[in-house]
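# Fold and contact review
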Amino acid sequence: MAHISIIGTGNMGQAIAAVAGRGGHTVTLIGKDDADARLGDVVVLAVPYPALADIVASRGAELAGRIVVDITNPVDFATFDSLTVAADGSAAAELAAALPESRVLKAFNTNFAGTLAAGTVGALTTTVLIAGDDADAKTTLAGIVAAGGLKAIDAGSLRRARELEALGFLQITLAAGEKISWTGGFGVIA
């Protein structure tokens, strides 16, 4: 079983912790005041996109060699009009460049906390899409997700994070515009 650290104690952090806990994994939720908390083998960054720079600055050396999961959606929350990264980039690519010794994955950003907690999107089992360049890291995360009762799909290389962030952005704007529920979202039939 893996030791998973989740930096961020909000709804998404708690929902991901519950999924990992259901799978029998050891989970540590790390808040802002827990700067000395020991990191696990898998570190999930359940924080807003702007917080990534501070985490890299304060914990970058500790993240070396670990699986680092970026769940952020770099949305301009002032306007809900666009993503805040370059059109040919992604938050995950920026994070991977800043953490060259970490195995960075993009996952959970196309899920809402409610669908992770419930384990369903409508009548479908919640599916977590995972992108990354390290096959072993993706397999590890997919195992954590599956053990927690959800489905996992390998979405391809870290280059696919760009599309995952666009999908996350669309889902967030639909929910913010009250066109879908924050407990709903996109489901996958495979």
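Let us look at the structure shown here.

Thresholds, definitions, all that
Residues numbered from 1 in each chain as written. Predicted model: local features only at pLDDT ≥ 70, side-chain atom pairs only at ≥ 80, totals over all residues. Heavy atoms only, no water. Phe/Tyr/Trp six-rings, centres within 6.5 Å; stacked < 30°, edge-to-face > 60°. Helix = DSSP H or I, 4+ residues; strand = E, 2+ residues; numbered from the N terminus. Buried < 20%, exposed > 50% of the residue type's maximum accessible area, 1.4 Å probe, protein only. Pairing = 2+ DSSP bridges. Axes fitted to C-alpha atoms, helices over the stretch in contact; angles between N-to-C directions. Contact = heavy atoms within 4.5 Å.

Per the stated rule, a full pass over the model turns up two aromatic pairs. Relative to F80, the ring of F77 lies with its centre 5.5 Å away and its plane at 90°, an arrangement referred to as edge-to-face. Ring centres of F112 and W182 lie 5.0 Å apart, and the angle between their planes is 50°; this geometry places the pair in the tilted category. One end of the pair, F112, is in the loop between β5 (103-106) and α4 (113-118); the other, W182, is in the segment after α6 (161-176), with 70 residues separating them in the sequence. A relative accessible area of 8% places F112 in the buried class. The class for W182 is partly exposed, based on a relative accessible area of 46%.

On to the sheet that holds strand β4 (residues 67-70). Each strand in a sheet pairs with another by means of backbone hydrogen bonds, the pair being arranged parallel or else antiparallel. Here we have seven strands laid out as an open sheet, ordered β2-β1-β3-β4-β5-β8-β9, and mixed in their pairing. Pairing within the sheet leaves two strands with one partner each, and these edge strands are β2 (26-30) and β9 (151-156). For this sheet, the mean inter-axis angle between neighbouring strands, taken without regard to orientation, is 25°. Both strand β1 (residues 3-7) and strand β3 (residues 42-45) contribute to a ladder of four bridges, which runs parallel. Bridging from a neighbouring strand, I7 pairs with L45 of β3. On top of the sheet, α6 reaches β4, β5, β8 (127-132) and β9; it is set at about 145° to β8, its chief contact.

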